[in-house]
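# Reading the structure
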Amino acid sequence: MPARKKADSCRWASQGEAFRHFAVYDGRTQSQQHIKPLHWYVTCRLVLEGGFHPDELKPRPPFRVTRRRRQNLIHFDPSTATGGEATVFGGLKTKSARCIGGTTSALSTEPPT
């Protein structure tokens, strides 16, 4: 039997699902539960459209990357998803950020056309 995923792990959600959850959430906003689906949506789009490697993002989206014939292939893999956030330092202030990219490397090895 596969291990059960934590409830706060990143999930692949549609834009509509993410915004609907944000709009109709009736719990306490201090819990941050109203915004998490939007963070998950953004990190998934950064991989699929922005060329980020899933390992470079927090929360880590549910994708893995394999290489075949000099091309990177993205696979949906819910077991790789994680939750969490990172602390960003800026001057003397810190901010807990929910969507963080580690580097600016792109998945594609081919120049844009």
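Residues numbered from 1 in each chain as written. Predicted model: local features only at pLDDT ≥ 70, side-chain atom pairs only at ≥ 80, totals over all residues. Heavy atoms only, no water.

## Comments concerning the pairing of strand S2 (residues 63-68)
Spelled out, the test is: Strands pair, by our definition, only if DSSP identifies at least two bridges between them. Each helix corresponds to a stretch of at least 4 residues labelled H or I by DSSP, and each strand to a stretch of at least 2 residues labelled E; elements are numbered beginning at the N terminus.
When S2 meets strand S3 (residues 71-76), the two strands line up antiparallel, connected through 6 bridges. Paired with Arg 67 across the two strands is Asn 72, which belongs to S3. What sits between S2 and S3 in their antiparallel hairpin is a turn of 2 residues, with Arg 69 showing a positive phi close to 50°.

## A closer look at the nonpolar core
Across soluble globular proteins, you tend to see nonpolar side chains buried next to one another. As a reminder, the rule being used: Take the buried residues of types Ala, Val, Leu, Ile, Met, Phe, Trp, Tyr and Cys, join any two whose side-chain atoms come within 4.5 Å, and each joined set is a nonpolar core. Here the term buried applies to any residue with accessible area under 20% of the maximum for its type, exposed to any over 50%, and partly exposed to those in between, with areas from a 1.4 Å probe on protein chains only.
By size, the foremost hydrophobic cluster in this structure holds 8 residues: Cys 10, Trp 40, Cys 44, Val 47, Phe 52, Leu 57, Phe 63 and Ala 81. The element best represented in this core is helix H2 (residues 36-48), accounting for 3 residues.

## Digging into the packing of aromatic side chains
The geometry of an aromatic ring pair is captured by the separation of the ring centres together with the interplanar angle, meaning the angle of the planes. Heads up, the rule is: Only rings of Phe, Tyr and Trp enter the pairing, Trp through its six-membered ring, and a pair is recorded when the two centres are within 6.5 Å. The plane angle decides the type: under 30 degrees is stacked, over 60 is edge-to-face, the rest tilted.
By the definition in use, this model includes 3 aromatic pairs. Where Trp 12 meets Phe 76, the ring centres are 5.3 Å apart and the plane angle is 45°; that geometry is what we call tilted. Highlighted residues: Trp 12 in the segment before helix H1 (15-24) and Phe 76 in strand S3, separated in sequence by 64 residues. Since its relative accessible area comes to 45%, Trp 12 is described here as partly exposed.

## Details of unusual backbone geometry
With an omega of -5°, the peptide bond between Lys 58 and Pro 59 qualifies as cis. Notably, Arg 70 is not glycine yet its phi reads approximately 65°, a positive angle. Take Arg 70: its relative accessible area is 65%, and that puts it in the exposed class.

## A few points about H2
Let me state the cut-off plainly: Expected span of a helix: the number of residues minus one, times 1.5 Å. Contact definition: two residues touch when any of their heavy atoms are within 4.5 Å.
With 13 residues, H2 extends 19 Å between its outermost C-alpha atoms, agreeing within 8% with the 18 Å of an ideal straight helix rising 1.5 Å per residue. Buried within H2 are the following residues: Lys 36, Pro 37, Leu 38, His 39, Trp 40, Tyr 41, Thr 43, Cys 44 and Val 47. On its buried face, H2 sits against H1, strand S1 (57-58), S2 and S3.

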